[in-house]
Structure formats: C-alpha cells, structure tokens
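Here's the letter readout for the chains.
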Amino acid sequence: DVSAAVSELLKPDQTQERSPLPSKGALMADRAELDGRVYGHRPILCDEVVEALQLSAASPVLVDATFGRGGHTRRLLEVPGATVFALDVDPTAISEAKRLASQEPRLVPVHAAFGDLQEALPPGTRLHGLLADLGVSSPQLDQKHRGFSPIEDGPLDMRMNPDVGIPASEWLDTVSPEELAWVIHTYGEDRDAFLAARLAEAICAKRPFHRTKELAEVVAEVKEQTLGSNPFQQPARLTFQAIRLHLNQELQQLEKLLSAAFQLLELGGRAIIICFKASEVSTVRRWLRQNED
C-alpha cells in the first residue's frame, strides 16, 4: 500500500538525538545523507500509472505533461497503439523528447508548460489519459548551473525554462521582506510563519546572492539559531522549494492543467497526478471540491 508506506516514512522520528548541522563549507559533503538522493533518474509508479489509467480504447491518446527524462513516457508507449504527447517547459528535457521521438513516431514532443496544455495540443484533440509527475526532477537537481539544489553550488537560477523570466538571484535583489516571508511561508515553511519572517529578514539583509551556496548558508544559520540542528534534513531545502514554486508559478500551473484535463478528457478518461508536497495535494483536492458538480 503506497499510501501507508508514505505515511510511515513521513512520521517524525522521536528516537534520534540531534546532531550539529553541517558547517558552512560542508553543505555539499554527503548528498546521500543530506537529501536522500542519488545521481540519475528513476521514475516512480510507472506500472501503477498505466494500471490506474484503465485504458480500454484501441488506440488511446495520452499526455505525459511532465516529460522530464521520459521514464513515464517510455512506459506509456508500451501501451498497444498509444499516441503520447510529451510536454515539458525545460529545453533540455524537450531535446531528449525529440531524440526519443526520432525513434518512436507515436511520440509527439511539445515544448510547453503543463498549464498550457489546452493551447499546446492540436485543435480537436481528445484524451483518454493524462499523467503529471509534479516537482523538480533528479536530473534538474544534478545540473549545478540550474540552481535548484541547495547542496550543489552553482548560479542561483531556479527557472524551469531558463529562457523565460528572471533568475532567483535577480528576484531576491528586489523582493520586499514581507513578500519574501509570504512566499517562504506559503510554499515552504508553511507551519511556521515566525521562521519564514526571520528567514526573509536575514536573506534581504545579506543580499545580493549569486550562488546557491551563499543562500543555503544564510538559511542554515537562521535555522540553527531558531530551531537547533537536524541532521536528517538539508536546512535550506524548503526555502529553495518555496522560491522555485513561486518563480515558476507551479501551483497556478497545476490548477490550469486540471481545468484543461477536465475539458480534454473523453468520457471515462482519467488524469493521474503524482504529488510530493502537501501544497500540491491541497491544490488538487480544492480543485476537485470546486468542480465536483
């Protein structure tokens, strides 16, 4: 039972003693311990997604709204006769989709944000199934120049599409402490408005920032002073998450995707949304409640 397993993993461990946070120069020392990842990309729930779609059409039309590196798309292409539209806003990801499409004519790459699904597909397209695997992908975290990871030191960018908008470094130069506190609280430290305010004040006091390491160190200092140490969590993870969600308008994009799916799915079609954060789950549940009739 995936739900039970996830719930068990998310339970706080009351038996562990606190250990000191990593020092300034050691934030990148052990990525496996600090954020629990390894290099590379392994898509989750591939078989479960196909099972949950309950595809019965002879030649189903499907959408992978978050292509990434194509793990889910490759599994969807195993469905007999399926045509798969693969969306991604990341130019690197869509380049991989085009490479795969050169070998598989049933794959149609589309360079677009998943929130723009309705405009991105050919007019009159009807769907039998849709998948969205939300959040930043492992390859994006591993690319230091993208600025997504508080562990990998690189330019402070965080844009899903580096050709659109402004990088996080520029946004942090001009944002007010009040707005930054709202962003950190709403999209990251949602349980502690006081901590979000302290983080915002410290960040604004020490700007400008050009590197991910610079921002991560300021956040680590504030958290250690405010909460003490926690060796099982990278201290800047939620702050980086909040800034990324805000810059890329990810939850707003999710609402647009759900509305587009409602319009495009055939009767009996299904949308599968893989969520990792409470804010994503809340967005989906709220949309369902508002549109249940």
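What counts as what
- Residues take numbers from 1 onward in each chain, read along the sequence in its written order.
- Local features in this predicted model are restricted to residues whose pLDDT is 70 or higher, and side-chain atom pairs enter the listing and the counts only when it is 80 or higher, whereas totals over whole chains, interfaces and linings include all residues.
- Each side-chain value is worked out from all heavy atoms of the structure, with water and hydrogens disregarded.
- UniProt positions are given in the numbering used here, feature names are shortened, and annotations may be inferred rather than shown by experiment.
- Where helices and strands are cited, they refer to DSSP runs of H or I of at least four residues and of E of at least two residues respectively, numbered from the N terminus.
- Each residue is assigned to one of three classes by its accessible area relative to the maximum for its type, calculated with a 1.4 Å probe on protein chains only: buried under 20%, partly exposed between the two thresholds, exposed over 50%.
- The Shrake-Rupley method, run with a 1.4 Å probe sphere, supplies the accessible areas, and residue values consider only the shown protein chains as cover.
- Salt bridges are counted wherever a side-chain nitrogen of Lys or Arg sits within 4 Å of a carboxyl oxygen of Asp or Glu.
- Residues belong to a common nonpolar core when they are buried Ala, Val, Leu, Ile, Met, Phe, Trp, Tyr or Cys residues joined through side-chain atoms within 4.5 Å.
- Residue contacts are defined here by distance: any two heavy atoms, one from each residue, within 4.5 Å place the two residues in contact.
- Helix axes use the C-alpha atoms of the stretch in contact, all axes being lines fitted to C-alpha atoms, and the angles between their N-to-C directions lie in the range 0 to 180 degrees.
- With respect to orientation, any angle under 35 degrees is reported as roughly parallel, any angle over 145 as roughly antiparallel, any angle of 65 to 115 as roughly perpendicular, and every other angle as oblique.
- For any helix crossing, the convention is left-handed if the near helix is rotated counterclockwise from the far helix by under a right angle, and right-handed if that rotation is clockwise.
- By the convention adopted, Pro, Cys, Tyr, Trp, Phe, Met, Ile, Leu, Val and Ala count as nonpolar, Lys, Arg, Asp and Glu as charged, and the other residues, Gly among them, as polar.
- Pairing between two strands requires that DSSP report at least two bridges joining them.
- When the strands point away from the viewer and the path from the first strand over the helix to the second turns clockwise, the crossover is right-handed.

- Recorded under Sequence similarities (unreviewed entry), the UniProt text for the protein is reproduced unchanged: "Belongs to the methyltransferase superfamily. RsmH family."

1. Section: the overall build of the protein
- In terms of helices and strands, the protein carries 14 helices and five strands.
- Burial status across the protein gives 48% buried among its 293 residues.
- As displayed, the protein offers around 15000 Å² of accessible surface, 52% of which is attributable to carbon and sulfur atoms.

2. Points about the pattern of salt bridges
- Considering all chains together, one arrives at 15 salt bridges under this definition.
- R75 is the salt-bridge partner of D47, the closest N and O atoms lying 2.8 Å from each other. With D47 in helix α3 (residues 46-53) and R75 in helix α4 (residues 71-76), the pair connects residues that are 28 residues apart, well separated along the chain.
- Here R159 and D157 are joined by a salt bridge, their closest N and O atoms 2.8 Å apart. The two residues R159 and D157 agree in class, both being buried.

3. Considering the nonpolar core
- Of all hydrophobic cores here, the largest spans 33 residues; its most connected members are L156, M158, L172, L180, I203 and L215.
- Within the residue set of this core, elements represented by two or more residues are α8 (168-174), α9 (177-187), α10 (193-206), α11 (212-227) and α12 (237-248).
- Ranked by residue count, the leading element in this core is α10, at seven residues.
- Setting aside its immediate chain neighbours within four residues, M158 contacts R146, G147, F148, A168, L215, F240, I243, R244, L247 and N248.
- If you look at the next biggest cluster of nonpolar residues, it comprises 24 residues, including A65, A112, F114 and A260.

4. Here's the deal with the environment of G68
- Residue placement: G68 occurs in the loop between β1 (61-64) and α4.
- Of the residues examined, G68 reaches a relative accessible area of 12% and is grouped as buried.
- Along the primary structure G68 and Q140 are separated by 72 residues, whereas in three dimensions their C-alpha atoms are 8.7 Å apart.
- If sequence neighbours within four positions are ignored, G68 has contacts with D88 and A93.

5. Observations regarding the packing of α10 against α11
- Here α10 crosses α11 at 140°, and the two axes come no closer than 10 Å. Between α10 and α11, the angle is such that the two are oblique. When the axes of α10 and α11 are compared, the crossing they make is right-handed. Each of F194, L195, R198, L199, A202, I203 and K206 in α10 lies in contact with α11, whose residues at this interface are L215, V218, V219, E221, V222, K223, Q225, T226 and L227.
- The residue makeup of the contact of α10 with α11, split by class, is 10 nonpolar, two polar and four charged.

6. Notes on unusual backbone geometry
- The amide bond that connects R207 to the next residue, P208, takes the cis arrangement and shows omega of 10°.
- By secondary structure assignment, the location of P208 is in the loop between α10 and α11.
- Its identity is not glycine, yet L45 carries a phi of approximately 60°, on the positive side.
- Among the secondary structure elements, L45 is positioned in the loop between α2 (31-35) and α3.

7. Side note on the pairing of strand β3 (residues 107-111)
- In this structure, strand β2 (residues 83-88) lies alongside β3, joined through five bridges in parallel fashion. Opposite L87, over in β3, you have V110 as the bridge partner.
- Crossover β2 to β3 through helix α5 (residues 91-101) is right-handed.

8. Thoughts on the packing of helix α13 (residues 250-264) against helix α14 (residues 278-290)
- Axis separation between α13 and α14 bottoms out at 10 Å; the angle between their running directions is 35°. Crossing angle aside, the handedness with which α13 passes α14 is right-handed. On α14, the residues touching L251, L254, E255, L258, S259 and F262 of α13 are S279, E280, T283, V284, R286 and W287.
- Residues belonging to the contact of α13 with α14 are distributed by class as follows: six nonpolar, three polar and three charged.

9. Observations regarding the pairing of strand β4 (residues 127-133)
- Extensive coverage of β4 is indicated by the burial of six of its seven residues.
- Where β1 meets β4, three bridges bridge the pair, whose relative direction is parallel. By the bridge assignment, L62 is partnered in β4 with G129.
- When β4 meets strand β5 (residues 265-274), the two strands line up parallel, connected through six bridges. In the sheet register, A132 faces β5, and the bridge partner there is I273.

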